[in-house]
Amino acid sequence: TLNDIWLLDLTNGEMKNLTQGKGNSSNPQWLPDGQHLLYVGHQKGIYPGGYPELRRIDVSTGENINLMPDFPHYIGNTVSADTRVDRGSTGPQITADGRYIYFVATVGGSSYLFRLDYESGEVEQVWGQGQMCITSYSVQADHLVVNVATPETPGDLWWGPIGGELHQITALNQELFADKYIGWPEVIHFTHPDGTLLEGWLIKPIGFTEGKTYPLIMEIHGGPHATFGNAFFHEWQILAGHGFGVLYTNPRGSLGYGEEFARACVGDWCGIDADDLQFMAEEAAQLPWVDKKRFGVTGGSQGGYFTNWLISHTDLFAAAVTQRSMSNLYSKYGVADNGWRGDRYGMGGRDLWDSEDFIMERSPIRYAPNVKTPTLIIHSDEDYRCPLEQAEQWYVALKRLGVTVEMLLFHGENHELSRSGRPANRIVRLEGILDWFQRYLQ
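All values derive from a computational prediction rather than experimental measurement. (Residues numbered from 1 in each chain as written. Predicted model: local features only at pLDDT ≥ 70, side-chain atom pairs only at ≥ 80, totals over all residues. Heavy atoms only, no water.)

K.L.:
Describe the sheet that holds strand S21 (residues 319-323), with residues and values.
P.N.:
For sheets, the rule is that strands pair by backbone hydrogen bonds, running either parallel or antiparallel. Judged by pairing direction, the sheet is mixed, and its eight strands sit side by side in the order S16-S17-S19-S18-S20-S21-S22-S23 without closing on themselves. Each edge of the open sheet is held by one strand with a lone partner, namely strand S16 (186-191) and strand S23 (405-410). Adjacent strand axes in the sheet meet at a mean angle of 20 degrees, parallel and antiparallel pairs treated alike. Both S16 and strand S17 (residues 197-203) contribute to a ladder of six bridges, which runs antiparallel. Each residue of the ladder has a partner; that of Phe-190, found in S17, is Leu-198. The sheet strands contacting helix H4 (residues 272-284) are S16, S17, strand S18 (214-220), strand S19 (245-250) and strand S20 (290-300), and the helix crosses S19 at an angle near 145 degrees. Relative to S21, helix H11 (residues 423-441) is tilted by about 160 degrees, and along the sheet it contacts S18, S20, S21, strand S22 (375-380) and S23. (Pairing = 2+ DSSP bridges. Helix = DSSP H or I, 4+ residues; strand = E, 2+ residues; numbered from the N terminus. Axes fitted to C-alpha atoms, helices over the stretch in contact; angles between N-to-C directions. Contact = heavy atoms within 4.5 Å.)

Take a look at the structure:
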């Protein structure tokens, strides 16, 4: 459940564990002095939602320290998207003279480029502002190239001198998008009754006219430790382009708002996180352009789990599409590829044998008799993260209880269908989502 960085001595074959199983470790690279190793990770053990740190190991003494103990943001780009624009790195890059260490960090729903002055310890934001995400970058000499995604484009390259003005040098989707509606999301903030500030975004539908009302669909991310934000999301734009408003949010458990915020849901799945989602949905339903009788909900993975939970605890939603979801945490424990690890530690270390009642209390299957919402279940038969039996249980329960329910099953696809599935199947999936919401919301 944890990984380590090892040092191999090529002269004698001896191996030395530099991180000692104390936390997750990645991106190891030598500092120019050849005596210190830089990496991204932490020493907190198994720690769901924990923020990685920029750490340095002295290979001779074993000293392992956090170089930025006061840095508040998540190192890396955690903002989700359903388009994969590159496989470049957002991890640390060290300048040849060892003076600066560059890295990307997630701030709310965006990600920007930062650098650490290795000599002084000062950290500064180098490039990026507003609604955008840096998905990869490279620093060479005194110049910088960054791949920038926004809500309007999956990614384009910007180039220029460090500290100077960067210029966009590609417009890869300009011709493709010229005749299509691409809605720019409006940032919306919610203040939870307990005082917690929550962030979300609204995309208005094509042809939006003041004074009219429109159906709204709430999209919920998985994880639970992930982030929605300012990246191009094809699914949302399709919905907006067919007349639906789209709401997406970051409940507690999301990354980008501090470690305490991210870990708030640990041991409390479908507790404070589901409460945040329902609260934000109820607030959005009060907007003057939203037809609260035509409110839909969808999500995948943990977002599918939340979708199942919400429709079994509120009648707010008139239609639901639950994707690669969980319905029964008890049975999932024994069949998922991360069941014993992901679910157990995500639930605060609880096991079947000491917390059976709690695990079933947080399983939507227990509340299936409450569901009235017409529900489409989308699942893949090679999904081993949220295995097919989770969808089958939910389908059988709703069918038996008289709920309007259908299941769209993809053969030969896995948990990544929406992001890296076969193009033909991805089209069918999007058409299925659109068809369901058109049937029950339009």
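K.L.:
Report on the nonpolar core, specifying residues and quantitative values.
P.N.:
Counting 53 residues, the largest nonpolar core has Leu-216, Met-218, Leu-247, Phe-295, Val-297, Phe-317 and Trp-394 as its most contacted members. Where this core is concerned, the elements lending two or more residues are S16, S17, S18, H4, S20, helix H5 (302-311), helix H8 (356-361) and helix H9 (388-400). At six residues, the largest contribution of residues to this core is made by H4. Ranked by size, the runner-up nonpolar core spans 28 residues in total, among them Val-104, Met-132, Ile-134 and Val-146. (Core = buried A, V, L, I, M, F, W, Y, C linked by side-chain atoms within 4.5 Å. Buried < 20%, exposed > 50% of the residue type's maximum accessible area, 1.4 Å probe, protein only.)

K.L.:
Describe H4, with residues and values.
P.N.:
The end-to-end C-alpha separation of H4 is 18 Å, in line with the 18 Å expected for 13 residues at 1.5 Å each. Every buried residue of H4 is accounted for by Ile-272, Asp-273, Ala-274, Asp-276, Leu-277, Phe-279, Met-280, Ala-281 and Ala-284. Taken together, the buried residues of H4 touch S16, S17, S18, S19, S20 and H5. (Expected span 1.5 Å × (residues − 1).)

K.L.:
Explain the pairing of strand S14 (residues 153-161) residue by residue, including any values.
P.N.:
As paired strands, strand S13 (residues 143-150) and S14 are joined by seven bridges and run antiparallel to one another. In the sheet register, His-143 faces S14, and the bridge partner there is Pro-161. Where S13 hands over to S14, the hairpin turn is made up of two residues, counted between the paired strands. The sheet contact formed by S14 and strand S15 (residues 167-168) spans two bridges and is antiparallel.

K.L.:
Tell me what's going on with H9, and back it up with residues and numbers.
P.N.:
Its 13 residues place the ends of H9 18 Å apart at the C-alpha level, agreeing with the 18 Å of an ideal helix rising 1.5 Å per residue. Leu-388, Gln-390, Ala-391, Trp-394, Ala-397 and Leu-398 are the residues of H9 that are buried. Considering only its buried residues, H9 is in contact with H5, S21, helix H6 (329-332), S22 and S23. Looking one or two places after H9, you find Gly-402, whose phi comes out positive at around 85 degrees.

K.L.:
Can you explain the sheet that holds strand S4 (residues 36-41)? Please cite residues and give values.
P.N.:
With respect to topology, four strands assemble into an open sheet ordered S3-S4-S5-S6, the strand pairing being antiparallel. Edge positions in the sheet fall to strand S3 (25-30) and strand S6 (64-66), since each of these pairs with one other strand and no more. Neighbour-to-neighbour, the strand axes of the sheet open up by a mean angle of 25 degrees, direction not taken into account. Bridge count for S4 against strand S5 (residues 53-58) is six bridges, and the pairing is antiparallel.

K.L.:
Tell me about the packing of helix H2 (residues 234-241) against H11, and please be specific about residues and values.
P.N.:
As a packed pair, H2 and H11 sit with axes 11 Å apart at the nearest point and diverge in direction by 40 degrees. Judged by the angle between their axes, H2 and H11 are oblique. Judged by the twist between their axes, the crossing of H2 over H11 is right-handed. Contacts between H2 and H11 pair His-234, Glu-235, Ile-238 and Leu-239 from the former with Arg-429, Leu-430, Ile-433, Leu-434 and Phe-437 from the latter. Of the residues assigned to the contact of H2 with H11, the class counts are six nonpolar, one polar and two charged. (Parallel < 35°, antiparallel > 145°, perpendicular 65-115°, else oblique. Left-handed = near helix turned anticlockwise from the far one by under 90°. Nonpolar A, V, L, I, M, F, W, Y, C, P; charged D, E, K, R; others polar.)

K.L.:
Describe the packing of aromatic side chains, with residues and values.
P.N.:
Pairs of aromatic rings are described using the distance from one ring centre to the other and the angle between the two planes. Summed over the entire model, instances satisfying the criterion amount to 23 aromatic pairs. Between Phe-71 and Phe-114 the ring centres are 5.3 Å apart and the planes differ by 85 degrees, which places this aromatic pair in the edge-to-face class. Placement of Phe-71 in the loop between S6 and strand S7 (74-75) and of Phe-114 in strand S10 (residues 110-117) is noted, with a sequence separation of 43 residues between them. Residue Phe-71 is classed as buried on the basis of its relative accessible area of 17%. On the basis of relative accessible area, Phe-114 is assigned to the buried category, the value being 5%. Linked through ring pairs, Trp-201, Phe-228, Phe-233, Trp-236 and Tyr-248 together constitute an aromatic cluster. Here the guanidinium or amino end of Arg-350 rests over the ring plane of Phe-358, the centre of that ring lying 3.9 Å away. (Phe/Tyr/Trp six-rings, centres within 6.5 Å; stacked < 30°, edge-to-face > 60°. Lys NZ or Arg CZ within 6 Å of the ring centre and 35° of its normal.)

K.L.:
Requested: an account of the pattern of salt bridges, with residues and values cited.
P.N.:
All told, the structure shown has 22 salt bridges when counted by the stated rule. Salt-bridge contacts for Arg-56 lead to Glu-63; the nearest nitrogen and oxygen are separated by 4.0 Å. Its relative accessible area of 16% is what places Arg-56 among the buried residues. Residue classification places Glu-63 among the partly exposed residues on the basis of a relative accessible area of 41%. Here Glu-413 and Arg-422 are joined by a salt bridge, their closest N and O atoms 3.3 Å apart. According to the relative accessible area criterion, Arg-422 is partly exposed, its value standing at 46%. Salt bridges here are not isolated pairs; linked through shared partners, they connect Lys-44, Glu-53, Arg-55 and Glu-259. (Salt bridge = Lys/Arg side-chain N within 4 Å of Asp/Glu carboxyl O.)

K.L.:
Now, about the state of the cysteines: what can you tell me, with residues and values included?
P.N.:
Enumeration over the complete set of coordinates arrives at zero disulfides. In this structure Cys-270 is not part of a disulfide, and its nearest cysteine sulfur, from Cys-265, lies 9.9 Å away. In this structure Cys-386 is not part of a disulfide, and its nearest cysteine sulfur, from Cys-270, lies 12 Å away. (Disulfide = S-S within 2.5 Å.)

K.L.:
Describe a nonpolar patch on the surface, naming the residues involved and giving the relevant values.
P.N.:
Taken together, Trp-6, Leu-8, Leu-10 and Met-15 make up a surface patch of nonpolar side chains, about 510 Å² in accessible area. Topologically, Leu-10 is positioned in the loop between strand S1 (6-8) and strand S2 (15-17). For Leu-10, a relative accessible area of 77% corresponds to the exposed category. (Patch = residues over 30% accessible without salt bridge, like charges linked within 9 Å, V, L, I, M, F, W, Y side chains within 5 Å. Areas by Shrake-Rupley, 256 points an atom, 1.4 Å probe, with all protein chains shown as cover.)

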